[in-house]
Each structure stands twice: as structure tokens, then as C-alpha cells.
Amino acid sequence: MSLESALVGQDVAVASTSPVTRRRRRWTRPTLLGSSVVIVIWIAAAIRWEWIAPFGPSEAQSGGRFVGPGTEHLFGTDGFGRDVLSRVLAGSRPVLTVAPLAVLLATIGGTVLGLILGYFGGLVDGVAMRLLEAIAILPPLFPAILVVALLGSSDTVLILVLAFSFTPIVAWTVRAATLVEREKPFVEAAHLRGEGAGYILGREILPNIAGAVVVEATVRLADAVFALATLAFIGLGAQPGSPDWGAQVADNRVNLQNAWWTVLFPAGAVASLVIAVSLVADHIREWKAP
Amino acid sequence: MIRWWTRRLGAVVITLMLTSVVVFALTNVIPGDVARRILGREASQASVDAKRMELGLDRPLVEQYGSWLVGFVRGDWGTSFTKQEPVRDLVLSHLGKSLVLAGITFAILLPVALSLGLIAGLRSGTRTDRTITVLGLCGTATPEFVSGVALLVLFSVRFSWLPPSARSEYGLKGLVLPVTALVIVCTGYVTRMVRASVVSTMERPYIRTARLKGISTVSLVRRHVLRNSMVVPVAALGVQLRYLLGGLIAVELLFNYAGIGSVLLEAAQQKDVPTLQAATLISGVTVMLTFVVSDLAYGALDPRVSMSKPR
Amino acid sequence: MPDNDLQRQWASELADLARSGVFTRREVLRKASAYGLSIPLIGTVLASFGTQTAASDANPGASTVDGRSTSSPTRSSSPMSSGAPGGILSIGALTPSTAVDPVVGFDAASIAIFQLTNEYLIGLNRDFTLRPQLATEWEPGDNGQRWMVTLREGVTFTDGTPFDAEAVTSSFARLLDPESPSSSAQSAFAGILEADGVSVDDTGNIVFELVRPYADFPYLISSNTYNAVILPTEYAGSYIDNPVGTGPFLLDSYSAAEGATLSRNESYWEAGKPLLDGVEFKFYQDPQAQVIALQSGEIDTQVTSQIGLLASLEGNGDYTIDEIESTGLNVLTMRVDTPPFDRKEVRQAVAFALDRVAINETLYNGVDTIGNDHLLAPAYPASPTDLPQRELDLARVEELLAGEEVRFTLTFDPPTRDYAVVLQEQLRQAGIEVELAQVTSDEFYAGDQESDTPWLFTQSNIVGWAGRAVPTQFINPMVKSGGIWNGSKYSNPVVDTAAETYDTSTDDEEKQAQARIIAEAMHDDTPIIITTWSTVIRPFNSARWTGITAHPSSYIELNDVTQA
């Protein structure tokens, strides 16, 4: 296996031939259901946590600071007396605003790039491959850290930086898939018919690789949430006052001993979302690969 | 063979050159006042300007790039803007620590992922398989700082079995928790790859024939499956190392481990350009080397891969 | 020399110290001679030994200046050495962001390290009084435009070279060099002392000829100017490789990533000190990791601390948190030359819209001292204490704004982010809309200091300041007309004159009068808003150690630290 397929990042493992597939599908339903529920909850929270949250995420509560989980505060309160449940719910918004947009951009950019590189090949492909490889061997999050440390962490910056980081990976997958499709007879046929490259790429190849693109995008979504939480944890993601999950974990590390709830609940929130998205992506991949 | 090697090496060199350009561009084109950063906000404008000249920041960019690259190759990585120390010692010592962490993680990851992948692949389709796969996925999806924090709460705070950080004074004991968090994150991916390889091997016609003939699974596994699937984690090494080197900033912060990630973060925040450039480039070079090595190893282990194939 | 008011003041202060039992006879005598007290006055001071007053009884951690107690609301034990000598103290510090170099270093960790190996002519105490260090006496001449400093005898550097006048003059030459990279020296001496003003007289005393009379000059050559350590004449610049000094400790090893180790200087000039065998600094990437290390016993104390992180130590009898009032602060600046802040009423409205007590509670757990929008911090002896304290008064805000809609942009960098958020919230409740513009620290301080750098030129911003021992060290650059750090562009000839007079007054009452003028003008004009003055805290493991104290400038002073 060469660098390329390794860098695609996802295992080339596909569901094997039929005898086991049907059996697997039956087992998979609970995880799919569970993941979808989790995702729906977080999306709902992101859209309108104000309706669900029992308190404001920035309000100091009369109950006091560092109150443990209980009937009044399900997730307890933190060092400023703020309700942790409300903060955790509110924390879904920054993540679910930036991540999907970043992934959308990366998917569009990466698909276009991948289609062009895969179809045309040649010198451009060779050079582009080396360039993509050059970026890919850089430490992960390096461009993100650099740009955010110097330009600040507004939503726009985060979206653009994440999109920039993910585009090469998407491009790689799409390119590989395009290479396969390119050799197929219907492409040859279209070529003979006199169709232009744009038509072939857009109407012939793209629909066939759409499945792979969707899988790729979903996986990148999980990566994006992961990356955002990590950036927030190391201090580069959160806007002032924003209840970002990663920032909550980072800010409350010091309270692990005396107020573990201020750390574990936001950490659990991150894990739950990333896991849920990953499991859904996994299902889509299995579904799409017969 | 020679031709393959030359092409490969050529590609490597081109990539590394491009990497150096990307690194240089990113660290220099983005605005920020280095001289001011070093001297502090209360220094006079005159001394700031003098410092800027002293650091050579007023030369044309291309010239700066050139002298930097030449210096790098020769082993002279300059002096840290902020700490006034030679960059090379700083970066290499941190890189060393990261390699130690990566090495130990990999040493544990290999047998774990191999065993789990084997089990999952041999029992493909069963509940065991599904459980392993799902658990692996959950592990991969759990950010290291999340699992790290949970591990800390349990093993360091609740039961004081392990030290609270990975500072060098704790030696190997301090590395237990960070390695665990990393293994959790990396296992899923490698396990799945091993599993896929096992599954695809098991479905080969000659294996099917052998089973029909009554040859036991155990000997089949030993003679064929194992050999084929051992290649997989090696190939995955390259991908994982990139992460295990520079992607550990969160872990390093959480466990107070002075790896290359912290150097990167600190240098980026303080606009310590020489350190940032050297740290990034050497990470890239190391990762590149492991790609080449793993390609080699893959080729050696898997007889099906022909060295003369262009891709 | 004849007694004057200043010396009588000093005498009464020393008498209080004597009474309180905080210092021994020998230490008080040393101070007395440093202050240049006449024999009769010294007599009165010595007579105070053995007598008691109620005030100084109650709080052994107190000290008095000008007869007014500046006792810290301390929860710590007395700073006297009471335990067993020896042992190695572990101190946590944030990884230094500047070089660990006595001339250039300006972050707390670097300073903490080189202050253990090197010393100043004069030391700055926690209560803003001065104590002799490498200088034993200092006196003014020419109305404060010339100062003569007597050096301590019998001191040697750790490389064997003697501590002499040449070492002092060469150290100052280095600091006063126009191209000097020392920011503390540049800001301390600008307009006051120049390189050619330092010389030696025939008796070996150092003579400082100032550009203008400056009554508080001793503060400028004290540890208040943290780069003003005395280095050997031959010092060539690489401190880490060759750390030579006169201080209580020797630097044994240093690693930029891990920390530093120091051991006792056996030939230190103060006999019997320090009591510790050694010190170990451990570096941490961030404040959280540091506190966690403190909790687990990895370190015994910290160089800098944030009160918000110490909640987990509350109620834990093994730890003590020492506090001291400092003159550090965060200033909310408003540009008085651009709308909406070109009208005093608007500025005052903002001031009255703030609930300072709530800010103190939320951000600092209530440990800070409330500020009153002028630069005469309560910790300064000359500060007026009876100006009406501004409080939240929404009715007044309405009255001042008279229906005008006020909105402005507040620029700040990450360290003051929480303050900005709280300000925005409070002002919103008063009907004032604030747009937050957080920029990176790099950006905040970049640009040209004379024309466009954000921290000095934005419409409104928050700037954090480390404490200074002399109020005019803030007043001159920040609110005097044309001051180099005058971000509000405030200009008031009354304040200018008062500041100049303050600098030259050797008389306490005169200083107080000028301080009052400045305070009243600033309080009325409100070019800047000061809601709290920092209280510096230092947590330490009191089950293991005694004698660790907080210092207004976060300095580490270890001469009296012993095992518990």
C-alpha cells in the first residue's frame, strides 16, 4: 500500500461479500438509532438551546459555586456558579455552526480538485500530488494553530482554516475514486460522443462517486468536531464568554479533584457527538458499499 | 528497482522542498511584530526597530528563505527569538521526547490492534466482531484530552495509583496514562485495517479450499493470515506517526509532557519564527522518512507488491 | 545632619516596627542608619522596643507606613523564620517567554530566577518600603537632583571578583545605554537619569546626577526596576552559561523546557542566610497544570497565581494563601479626544454604570481592592483616602447621558478577556452597548508606538499593568500631557504641574497634597476607569514550609523560608 491510500485516512476495508452483510445490518440498527438520537439532540440544542436549557449559561446561580449534580442542577454548577447543563447545551452551537460549514467548503473544494486531478492526470496531477503530500506531512492542526494564534479565533477564521486543512484529504479520496471511474466504459462512450470534460466529470463521474463523497464528508465532520474541541482545549478556539466544550474542559482541569462534573460533562459531550457522527458515517459507508 | 528508488527519492525531495516553502510562507507572510514581542510593549520604538534589523527581518523574503534553508540543511537552525537559545537543541530534545512517546504507544498498539483485528476478522459478522469494531470506532472518536481527563480522574485523583503528569521526574510511570489515551485513539483505525485484511484473506479461494479440505483454522491463520495482516499496521505507521508527532498538543498540555507539539504551539503563539520553522520542518521530514520506511517494509513483507510498479 | 520632617516620619515608622516585634533590634538599627537618622532619633526608636500597641499586636503580618497600617488581609502565618533550616523548595513557574537574562528578561519566571542569583542596590519590601541590599545608605543632595549611595563592603561575586563601584557603574551604563534592550530600565529612567549621570566620588560612593530633581529616586534603583541588578564588570551577556552574582543562591542548572536548580551560596554576605539548601524551579505550560502540580505536591508554591484557580485548595489545611495589596491593575481607557468619550458626562456615566463590588467578586473572588478611577492606589502612602467612592448608580447614569445613546468598541487581548465580558454585560444593563474586539496580544501591541498601535490608540481598550512602587511611574506616562503611554490622550495642566511637584517633593505632606490634586482631577475628568487594584496572592504548602510570602511584584524572596 502506498502513501496515497494510507493518506486517504480511512480503511479501504469494505464490507465483504454477501453472506455476512445481511447479518451485520441487523446488528447495526441499535447503534445507528442511538447515534442519530444523539445527533438530533445536539442539533436541536445548537438551534435553540435557549428553550431547553434550565438556566442561562453565563448566569451565576443562587445555589452557589461548585454544587454537585443534583435535582436542582442536573450537571452541577461550576466555579462561577453557572449551571453546567445549560453551558453544555449552549456549547453545541459554536461547534455545530463552524464544523458543518467548514466541511461543506472542504467537500466542495476537495471534490472539484479531486475530479480535475483524477481525470486529467499528467504533469498537473503530479505536481499537485507532491504539493498535497507536502501539506499532508505537516503536523495536524499546524496551519490551524498558526493562523488562529496570529489572526484570532473568529468563526470565519476557524471555518476557513479547517476547510483548508481538510480539502487535501477530500481531494485525495475523490481523486482515487475518479481514477477508477475514469477507466470505465461509459466514460469512454461519453468521450466518443464528443462530450466535454465538464459534462463527463459532472454528469457521468460525479454521480457515481457521490456515495464515497458523502461518506468522506461525514467522516470529516467528525474530524472537524474533534479538531474544534481540541483547538478550544489548547486555548485557540473559544470566543470570549463562549461555552465551548473544549474550553470548558481546559478551564476546569484544575477542579478535577473537587468538582469533577465541571470537566467530565463537557468532555462527555464532545465524545458523544464525535462518536455519534463517526458511527453514522460508518453506517453510511456500509450501506453504500454493497 | 534502482529506477523505482530514484523516482521515489526524487519525489521525496520535491515534497520536502515544497514543505519547506509552505512552512516558510505560512510563518512569515502572516502579520505580527516579532521584535516588539521579544522586547515587550514598553520598549521604545527605536529599540524595536533596531532589534528588527538585528534579526534580519528587513531583508527580502526570498533571501531570508534561502539562507534559512541552507542553514537548516547544514544543521544550523538559528537562535530562538524569545529564549535566546540555539533552536536545534531545543527542537531535537522535544522531538526526542515525542518519539519516545510515539515509540511506546506503537509498541503497545501493534499487538493490541493485531489481536483485536484478528479476532474481529476471523469472527467477522458476529456480535464479537461488531462489538470490537464499534468500540474501536468509539475509541477513535474520543478526543485524547477527553479520555486523558477521564483516566486522570480515575487513576490519579480517585485512586492515587499513577502520577498526575508525565514530567520527566516520574519516569516511565508518568507515561502510562498518556500512552493509554493515545492507544485508545489509535487502536480503532489500525484494528479495522487488520480486520479488513484478515477478512479479505480469509475469502481468498485458496483459503476456502484449504478449509474445505479440513486444514485447521489455527494453522491457516499462522501460515497465511498472520503474514498478510502483519503488513497492515506497518503501513499504518506512517499515517499514525504524523499524528503521534505533531498532533499531540492536547495530550502534551494535559500531561505536561515536553514534546514537539508544545514547542510548536508555544512558538506559534510567541511568533518565535526560527523555532516554529525548524520544529515544523523536522516533523515533516521525520514523517516523510517513516512513509518511505513503511513503504519499504510493506514491500518486503508483502510479496504481492511489486517494486517496479509506478504507484 | 539636622532632622527634617521626612526623617521624623521614618523614625516613627521604625518605632512602630520595633513595637510590633516584627524586626529585631539589629534590623531596625540597620534601617535607621540607612535612612540617615540622627542619634537622638535612633534613641527614640530603640526606646520603643519592648512596648506594645494594640494595632500591631492583632496582626503579626502587618507593617505600618506613615502610621497607617497597610496590613494585608492575610490568612498566612508570620513571615518570621521559625522552623528548621535546610531543605529544597520546589517552585512552579510558567515557562519563561523571554530570555532568562537579568538585563533583558521581563516575565515573572525569568525575574524570579535571576533575582535569586543577583541583587540590587536597594530592595523593595512588600509594603513599599525600601531596605538596603548592596547599598547601605543613600541620601539626596541638591534638592533631590543628586543622590549619593554608599556601597556595602565585604561583598564578593560568586566568581571571586569583589563587588565594587566599578561593577555598579558598569551595570548602570549597560542599562542606560540608549540601545539598551531593558524595558524596565528604559521606562524607569527616561527623563530622569542618563548614562553620563553615574559616577564615583573619592570615597567610593556612587553619585547619581539626575536630569531633574526626583525625590523617589531610591525606588528607581531598587528592585522595583527589575532589570537593575548589579552584575560584574566583565559581564558579557550570557547569563545562563555563566551566572555570576552576589545573591543568596547559585544557579546550578537550567533547561528551557523543564526548569532550573539552584543551591545556597555559602559565601553570601548576610551571615546565616539563606536557610534553604536549595531551590528548584519547574516550568509549566499553563496555569492549570501549575495548580494541579501544587495540589499533588509536585511543587510547594508558585511564582504567579490566579485566585480563580485555587478553589480546590480552600478548606485544605495543608495550604495557605498569602495575600498582599499591590499596585497592579487593569485600566479601562477611553479616548477623550473622540466621540462619544469627548464629553466628561459620558465617561462618568460609564464609570457609574459599573458594579465594582460585583466585578471584584466575579473575577477575583473579592480579594482585590476597589478602585476609584484615579491612579493613587490605596497601597501608596501618599494616596488620599477620603474621596467619595464611586459605586453603581443607574439613576446617575441616566441623568448624565440625558437620553443620548452611547455605543463603543472595546479592544483588548486574551489576558483581560474575562474582564471585558463582565464589563460588556454590566454596561448593557445600563443601556450602553459595547462591541467587544478581542485581538491577539501580538496584534494588540504591534504597530507604531507613536501613531497606531492598538493599545494606545483605539477608542477604548483594556490594558493590564504590573505594579509600580511610585505613583508617578504610572501618572507620568499614562495621564500627563503627551505621556508615552497616554492612551486616553488626556491633557490637564493641573495634573501635569501636580505630578512634577510630587516628583520633587521630599516632604510627605507636600506629596500628599499633590496626590490629592491629581486624584481629584482624575476622579472628576475620568479619562480612565479603574475598578479594582490587584491583590497578589501566593499559595504555598504550609504543612512543609513557613516564611513564604506574596509580593506586590510577584517577586520571590526566600531568605527567611524554613521548613515547617
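Each chain carries its own residue numbering, running from 1 in the written order of its sequence. Naming scheme: in the order in which they are written, chains are lettered from A and ligands are numbered from 1. Whole-chain, interface and lining totals are the exception, using all residues; otherwise, since this is a predicted model, local features are given only for residues with pLDDT of at least 70 and side-chain atom pairs are given and counted only at 80 or more.

A. Representation of the nonpolar core within the structure. By convention in this section, buried Ala, Val, Leu, Ile, Met, Phe, Trp, Tyr and Cys residues joined through C-beta atoms within 7 Å make up a nonpolar core. Here exposure depends only on C-beta density: within 10 Å of a residue's C-beta, 20 or more other C-beta atoms make it buried, 12 or fewer make it exposed, and intermediate numbers make it partly exposed, the C-beta atoms being placed from the backbone. Membership of the largest hydrophobic core comes to 176 residues, with the highest contact counts inside it found for Ile145, Val225 and Leu228 of chain A together with Leu264 of chain B. Shared between two domains, this core takes at least three residues from each, and those domains are domain 1 (2–74) and domain 2 (90–301) of chain B. One finds Ala109, Val168, Val291 and Ala515 of chain C within the second-largest nonpolar core, a separate group that totals 142 residues. Domain limits in this description derive from either an automatic procedure or a database domain assignment.

B. The domain arrangement of chain B, seen in detail. Residue and element names in this part refer to chain B. What the domain assignment lists for chain B is domain 1 (2–74) and domain 2 (90–301). Here domain 1 and domain 2 have C-alpha centroids that lie 32 Å from each other. Remark: residues whose backbone-derived C-beta atoms lie within 7 Å of one another are considered to be in contact. Contacts between domain 1 and domain 2 engage 15 residues on the former and twelve residues on the latter. Considering each element in turn, the side of domain 1 that touches domain 2 owes the most residues, ten residues, to helix H1 (residues 2–29). Residues are grouped as follows: Ala, Val, Leu, Ile, Met, Phe, Trp, Tyr, Cys and Pro are nonpolar; Asp, Glu, Lys and Arg are charged; all remaining types, including Gly, are polar. Looking at side-chain class alone, the side of domain 1 that touches domain 2 contains seven nonpolar, six polar and two charged residues. Only DSSP runs of H or I reaching four residues or more are called helices, and only runs of E reaching two or more are called strands; each is numbered from the N terminus.

C. Expanded view of helix H3 (residues 45–54) of chain B. All names here are of chain B. Listed in full, the buried residues belonging to H3 are Ser47, Val48 and Lys51. Buried positions in H3, seen along its axis, are confined to an arc of 105° and lie on one side of it. Seen from the open side of H3, the exposed residues pointing more than 90 degrees away from its buried face are Ala46 and Met53. Looking at the buried side of H3, the elements it contacts are helix H2 (34–39). Arc definition: directions from the helix axis to the C-beta atoms.

D. Structural detail: the interface of chain A and chain B. Opposite the 54 residues of chain A that make contact, chain B presents 60 residues. Elements represented by at least two residues in the side of chain A that touches chain B include exactly helix H1 (3–7), helix H2 (21–52), helix H5 (122–136), helix H6 (142–151), helix H9 (197–233) and helix H11 (261–288) of chain A. When residues of the side of chain A that touches chain B are assigned to their parent elements, the largest contribution, ten residues, is made by H11 of chain A. The class makeup of the residues in the side of chain A that touches chain B is 40 nonpolar, seven polar and seven charged.

E. Spotlight on the packing of helix H6 (residues 127–141) of chain B against helix H8 (residues 176–202) of chain B. Residue and element names in this part refer to chain B. In this description, a line fitted to the C-alpha atoms serves as the axis of each element, helices being fitted only across the stretch in contact, and the angle between N-to-C directions of two axes falls anywhere from 0 to 180 degrees. Taken N-terminus to C-terminus, the directions of H6 and H8 make an angle of 135°; their axes are 6 Å apart at the nearest point. Considering the angle they form, H6 stands oblique to H8. Between H6 and H8 lies a crossing whose hand is left-handed. Facing Ile132, Thr133, Gly136, Leu137, Gly139 and Thr140 of H6, the residues of H8 in contact are Ile184, Val185, Thr187, Gly188, Tyr189, Thr191 and Arg192. Tallied by class, the residues present in the contact of H6 with H8 amount to five nonpolar, seven polar and one charged. Angles below 35 degrees are treated as roughly parallel, those above 145 as roughly antiparallel, those between 65 and 115 as roughly perpendicular, and all remaining angles as oblique. Crossing handedness is read from the near helix: turned anticlockwise from the far helix by less than a right angle, it gives a left-handed crossing, and turned clockwise, a right-handed one.

F. Expanded view of the interface of chain C and chain A. Counting residues at the interface gives 17 residues for chain C and 13 residues for chain A. Considering only residue class, the side of chain C that touches chain A consists of eight nonpolar, seven polar and two charged.

G. Looking closely at the environment of Val100 of chain B. All names here are of chain B. Along the chain, Val100 turns up in helix H5 (residues 87–122). Take Val100: there are 14 C-beta atoms within 10 Å of it, and that puts it in the partly exposed class. Considered as a pair, Val100 and Gly259 are 159 residues apart in the sequence and their alpha carbons are 9.3 Å apart.

H. Spatial organisation of the confidence of the model for chain C. Residue and element names in this part refer to chain C. For every residue, the predictor states its confidence as a pLDDT score lying anywhere from 0 to 100. Looking at chain C as a whole, the pLDDT averages 86, with 85% of positions reaching at least 70. In this model, residues 50–79 is a region of pLDDT below 50 whose contacts with residues beyond four sequence positions or in other chains number 61 contacts. Listed scores for the predicted complex are pTM 0.81 and ipTM 0.80.

I. Inspection of the environment of Val439 of chain C at higher detail. Inspection of the secondary structure puts Val439 of chain C in the loop between strand S17 (433–438) and helix H14 (441–445). For Val439 of chain C and Phe412 of chain C, which are 27 residues apart along the polypeptide, the C-alpha to C-alpha distance reads 6.2 Å. In this structure Val439 of chain C touches Gly152 of chain A together with Thr411, Asp413, Phe444 and Pro454 of chain C, once residues within four positions along its chain are discounted.

J. Highlighting the sheet that holds strand S9 (residues 206–209) of chain C. Residue and element names in this part refer to chain C. Spatially, S6-S7-S9-S8 is the arrangement adopted by the four strands of the open sheet, whose pairing is antiparallel. Sheet topology places strand S6 (135–141) and strand S8 (198–200) at the edges, where each strand pairs with a single neighbour. This sheet shows a mean twist of 25° between the axes of neighbouring strands, independent of strand direction. One bridge is not enough; two strands pair if DSSP finds at least two bridges between them. For S6 and strand S7 (residues 146–151), the ladder comprises six bridges, and the chain directions are antiparallel. Paired with Trp138 across the two strands is Val149, which belongs to S7. Docked against the sheet, helix H6 (residues 165–176) engages S7, S8 and S9, running at close to 170° with respect to S8.

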